Amino acid sequence: MSIHLQTVAFAALAAAHGHTTYEQQAGATGLGIGTIHRLRSGAPASSTSVAAICSAYGVEFADIFVISTPAVTAAAA
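Residues numbered from 1 in each chain as written. Predicted model: local features only at pLDDT ≥ 70, side-chain atom pairs only at ≥ 80, totals over all residues. Heavy atoms only, no water.

1. Some words on the environment of His37
At step 1: As for its placement among the helices and strands, His37 is situated in helix α3 (residues 33–40).
At step 2: Along the backbone, His37 and Thr21 are 16 residues apart, and their C-alpha atoms lie at a distance of 9.9 Å. (Helix = DSSP H or I, 4+ residues; strand = E, 2+ residues; numbered from the N terminus.)

2. Re the environment of Leu5
At step 1: With respect to the helices, strands and loops of the structure, Leu5 is situated in strand β1 (residues 2–5).
At step 2: On the basis of relative accessibility, which here comes to 8%, the residue Leu5 falls in the buried class.
At step 3: Residues Leu5 and Ser68, spaced 63 residues apart in sequence, show a C-alpha to C-alpha distance of 10 Å.
At step 4: If we ignore the near neighbours within four places in the chain, the residues touching Leu5 are Phe10, Leu39, Arg40, Ile64 and Phe65. (Buried < 20%, exposed > 50% of the residue type's maximum accessible area, 1.4 Å probe, protein only. Contact = heavy atoms within 4.5 Å.)

3. Some words on the nonpolar core
At step 1: Phe10, Ile53, Tyr57, Ile64 and Phe65 are the most contacted members of the largest nonpolar core, which has 17 residues in total.
At step 2: When residues of this core are traced back to their parent elements, those giving at least two are α1 (7–16), α3 and α4 (47–57).
At step 3: At 5 residues, the largest contribution of residues to this core is made by α4.
At step 4: Contact partners of Phe10, with chain neighbours within four places excluded, come to Leu5, Gln25, Arg40, Ile53, Tyr57 and Ile64. (Core = buried A, V, L, I, M, F, W, Y, C linked by side-chain atoms within 4.5 Å.)

In structure tokens:
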């Protein structure tokens with residue numbers, strides 16, 4: 001199980017605050033530019049990243065994050 005940023009929702013939220021670049025989003029959240037880039041590219045989010053983004057933009061977890069579970073393949077079942 002992992003947590004992933006809903007990139008479209010996050011981009012809209014950040015843009016609504018005038019944060020359209022990785023640099024602006026990093027500055028608003030206190031996260032590194034590389035972390036923002038990884039999250040927007042689909043990498044799993046840490047609890048620290050989730051807390052920083054939710055706090056910075058005043059949103060709930062479910063507004064911009066989703067919990068993903070690994071797909072079960074026929075061979076593993």
